[in-house]
Amino acid sequence: MSQPAQQSLETQEPETPHLDFAGTTPYEDYVRADVLTHLQHTLSDDPGEMVFLVTTQVMELWFTVVVHEWETAAAALRGDDVPTAIAALKRSVRELEALNASWTPLGQLTPAQFNSYRSALGEGSGFQSAMYRRMEFLLGEKSASMLVPHRGAPRAYAELEKALHEPSLYDEVLRLLARRGHPVPASVLRRDVSQRYEPSDAVERAWAAIYSGDQDAELARLGEALTDVAELVWRWRNDHLVATRRAMGAKPGTGGSAGVAWLEKRARKNVFPELWTARSHV
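No experiment lies behind these values; they were computed from the predicted model shown.

Chemist: If you had to explain the packing of aromatic side chains to someone new, which residues and values would you point to?
Modeler: Scanning the model with the defined rule gives 10 aromatic pairs in all. Arranged with centres 6.1 Å apart and planes meeting at 45°, the rings of Phe52 and Phe114 form a pair that is tilted. Remark: Phe114 occurs in helix H6 (residues 111-118) and Phe52 occurs in helix H4 (residues 48-78); sequence separation between them is 62 residues. Judged by its relative accessible area of 7%, Phe114 falls in the buried class. Their ring planes at 50° and their centres at 5.2 Å tell us that Phe63 and Tyr132 sit as a pair that is tilted.

Chemist: Pulling in residues and values, what's your account of empty space enclosed by the protein?
Modeler: Empty space among the atoms becomes visible once a probe the size of a water molecule is rolled across them. Inspection of every chain in the model, using the stated rule, returns one cavity of 30 Å³ or more. In this model, the largest cavity occupies a volume close to 30 Å³. Those elements that provide at least two residues to the lining of the largest cavity are helix H5 (82-101), helix H7 (130-138) and helix H12 (218-248). Here the residues of the lining of the largest cavity sort into seven nonpolar, no polar and no charged.

Chemist: Tell me about the side chain of Ser168, residues and numbers included.
Modeler: Locating Ser168 in the fold gives a position in the loop between helix H8 (154-165) and helix H9 (169-179). On the basis of relative accessibility, which here comes to 1%, the residue Ser168 falls in the buried class.

Chemist: Could you give me a rundown of the layout of surface pockets, with the residues and numbers involved?
Modeler: Estimates place the volume of the largest pocket at around 1,000 Å³. The wall of the largest pocket is formed by 39 residues, among which Phe52, Leu121, Ser125, Gly126 and His240 lie closest to the centre. Secondary structure elements with two or more residues in the lining of the largest pocket: H4, H6, H7, H12 and helix H13 (260-267). With eight residues, the single largest contributor to the lining of the largest pocket is H4. Looking at side-chain class alone, the lining of the largest pocket contains 20 nonpolar, 14 polar and five charged residues.

Chemist: With reference to specific residues and values, describe the nonpolar core.
Modeler: Across soluble globular proteins, nonpolar side chains have a tendency to be buried as a group. In terms of nonpolar packing, the biggest core is built from 59 residues, with Trp70, Trp207, Leu222 and Phe272 touching the most fellow members. Residue assignment for this core shows that the elements contributing at least two residues are H4, H5, H6, H7, H9, helix H11 (201-211) and H12. Among the elements that take part in this core, H12 stands out by supplying 13 residues, more than any other. The residues touching Trp207, leaving out its near neighbours within four places in the chain, are Tyr170, Val173, Leu174, Leu177, Leu219, Gly223, Leu226, Glu274, Leu275 and Ala278. Within the second largest apolar cluster, seven residues are counted, among which are Phe137, Leu147, Ala156 and Leu160.

Chemist: Would you mind going over H8 in detail, with residue names and values included?
Modeler: The terminal C-alpha atoms of H8, which comprises 12 residues, lie 17 Å apart, in line with the 16 Å expected from a rise of 1.5 Å per residue. Taken together, the buried positions of H8 are occupied by Ala156, Leu160, Ala163 and Leu164. Viewed end-on, H8 has its buried residues packed into an arc of 105°, placing them on one side of the element. What points out from H8, more than 90 degrees from its buried face, is the exposed set Pro154, Arg155 and Lys162. Elements that come into contact with the buried residues of H8 comprise H7.

Criteria and cut-off values
- Residues numbered from 1 in each chain as written.
- Predicted model: local features only at pLDDT ≥ 70, side-chain atom pairs only at ≥ 80, totals over all residues.
- Heavy atoms only, no water.
- Phe/Tyr/Trp six-rings, centres within 6.5 Å; stacked < 30°, edge-to-face > 60°.
- Helix = DSSP H or I, 4+ residues; strand = E, 2+ residues; numbered from the N terminus.
- Buried < 20%, exposed > 50% of the residue type's maximum accessible area, 1.4 Å probe, protein only.
- 1 Å grid on protein atoms, 1.4 Å probe; cavity = no way out; pocket = protein on both sides within 12 Å on 5 of 7 lines; lining within 4 Å.
- Points joined across faces, edges and corners; volume = space filled by probe spheres on them.
- Nonpolar A, V, L, I, M, F, W, Y, C, P; charged D, E, K, R; others polar.
- Core = buried A, V, L, I, M, F, W, Y, C linked by side-chain atoms within 4.5 Å.
- Contact = heavy atoms within 4.5 Å.
- Expected span 1.5 Å × (residues − 1).
- Arc of directions from axis to C-beta.

Below you can see the structure in the form of structure tokens.
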């Protein structure tokens, strides 16, 4: 290439992106950013309230994504499509990591900082989140009483009622294990899925057998994907506990909950319990 031609290329202006649209931008039409960025209505003059409000809204969006992934995984397991289920669970692991990171802006709130806008919450509390409740239902933490706060919101109530009476993600896993020849008891397979899942010694033995075999086998890989999910759910609960303890000590929580005492009880519970206890027998 001649020197003048080279200089001409070097001095060329970069191509200007398309800037003129008849209506809103295609980006806005797809992402709805204008809706998202105008959902914040603070109720106090404290600048920290905006951080609290936006962080909580971001958490709700992550709950929505995780519910989508776990419902995708559950549907795939019903159809014996384990690779699709594992892929959805692995995506949810990355999303749970992002969700857990949402505690960072709130994790070091002092009592004085939290009290400066706590009254704006009134009786509001995170346990009233319908989407978080759907996450818990998918994990097997079922409770009909948790529908009560949503009676005034017909769509949320209907979605939660449907989720209450559907098999959880773990129910679908155990049904798959039974179809693959593992001795999952009929009492587990035919249980009332609207009730909280309770651990089974027979299910523990089934997982121990799976983990004692080929580590690259499909069911062993499914078990590890579920364990990754369970670990991050445990971390979420613990991060919530620590942030709450730091911001308000042992005072009662907003919405009438027992605050730290209730969160401590939640943090002690294992998700997919036999996947943890089976490891002692491998």
